[in-house]
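Residue-level structural notes
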Amino acid sequence: MSYAFMRFPHFKELAFTLSYDDGVPADKRLAEIFNKNGLKCTFNLNGETADTVGRYPIEEVKKTYLPAGHEVALHGACHYSLGEIPDTVLIDNIMKNRKALEECFGVVVTGSAYANGSYDDRVVELLKTCGVTYARTIRSTHSFEIPEDWLRLHPTCHHKDPQLMELAETFLKGGNKRHFFYHRPQLFYLWGHSYEFDNDDNWQLIEDFCAFIGGREDVWYATNGEIYEYVQAYNALQYSADGHLVKNPTAIDVYIHYFGKPYKICAGETVRLEK
Ligand SMILES: [Zn+2]
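Let me begin by describing the structure that accompanies this report. (Residues numbered from 1 in each chain as written. Predicted model: local features only at pLDDT ≥ 70, side-chain atom pairs only at ≥ 80, totals over all residues. Heavy atoms only, no water.)

**Here's the deal with the pairing of strand 1 (residues 4-7)**
Put simply, the rule reads: Think of it in three bands: with a 1.4 Å probe and only protein chains considered, a residue is buried below 20% of the maximum accessible area for its type, exposed above 50%, and partly exposed in between. The numbering of helices and of strands both runs from the N terminus, where a helix is a DSSP run of H or I of at least 4 residues and a strand a run of E of at least 2. The rule for pairing is simple: two strands pair if DSSP sees at least two bridges between them.
Across the two faces of strand 1 the burial is the same, with Ala4 and Met6 and Phe5 and Arg7 all buried. As defined by bridge partners, strand 1 adjoins strand 12 (residues 254-258) across four bridges and the pair is classed as antiparallel. The residue of strand 12 that forms the bridge with Arg7 is Tyr255.

Below, the structure written as structure tokens:
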């Protein structure tokens, strides 16, 4: 079975995602740049009631962010460092934030980014209890590997990383593995805060980066949650004992390469694989 490899939708081998925190007014300008280039972002928002989500008119967010394909995720009711607060306060902080976002946007919210990058094993267990499925850290990996531990989801880099453009070029060439016939798909995961572009007076940096990485046929642009759900669907595939039949028990169409041949395994279907 080691010769079946996940592909992203439509057999793409590359995926790109974004994660921006804190829900500040500059998010609007950033979202417009993402929209122009066909990029999808997960916006991590604080707030403990539907009226206090983000620091901008929420109606605007509803009208512009979600219809453009972006996603909202948790960042704590208050911007607490989760590693530093008691269990009860942590659970209250996450669940209030979750209820606020769900009431505000009418969607199920299970994604998260750690405020101040603060987490430990205890925090991860408590987030699981709160129904959180993925949570982003602030530890840059400079890697394009598909995450395995989604509650310790490490980004490729921050937008201020000196190697940002170099990493983007390597990624678009297929990471470090395209030369090899059997290879894993690659994910570029970028994070930051939109207010940093105001503080650093460098909006041109993200304009240039998005124009470079966006609009490419061979890249799947998706939110954190879409990628998470797709990878879960791939992991849920069931193979026959001889490996020639594969069943997709999920509601998501899954694409694979089997001994180099492309197969689309539609939601609910069983497909025969030939070498
Ligand atoms: Zn934050």
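Additional details are given in the paragraphs that follow.
**Looking at the sheet that holds strand 12**
Just so we agree on the cut-off: Axes here refer to lines fitted to C-alpha atoms; in helices the fit is confined to the stretch in contact. Angles between the N-to-C directions go from 0 to 180 degrees. Contacts are assigned to residue pairs that have any heavy atoms within 4.5 Å of one another.
With antiparallel pairing, three strands are arranged side by side in an open sheet as 1-12-13. Both outer strands of the open sheet, strand 1 and strand 13 (261-265), are each paired with one neighbouring strand and no more. With direction set aside, neighbouring strand axes in the sheet form an average angle of 30 degrees. Across the face of the sheet, helix 8 (residues 224-235) comes into contact with strand 1 and strand 12 while running at roughly 160 degrees to strand 1.

**Looking at the pairing of strand 2 (residues 14-21)**
The element strand 2 is largely enclosed, with a buried count of eight among its eight residues. The side-chain alternation of strand 2 yields two buried faces, one formed by Leu14, Phe16, Leu18 and Tyr20 and the other by Ala15, Thr17, Ser19 and Asp21. Looking at chain direction, strand 2 and strand 8 (residues 186-192) are connected through seven bridges and run parallel. Residue pairing for strand 8: Leu14 is matched across the bridge by Gln186. As paired strands, strand 2 and strand 9 (residues 219-221) are joined by three bridges and run parallel to one another. In the strand pairing of strand 9, Leu14 is matched with Val219. Pairing geometry for strand 2 and strand 3 (residues 41-45), over four bridges, is parallel.

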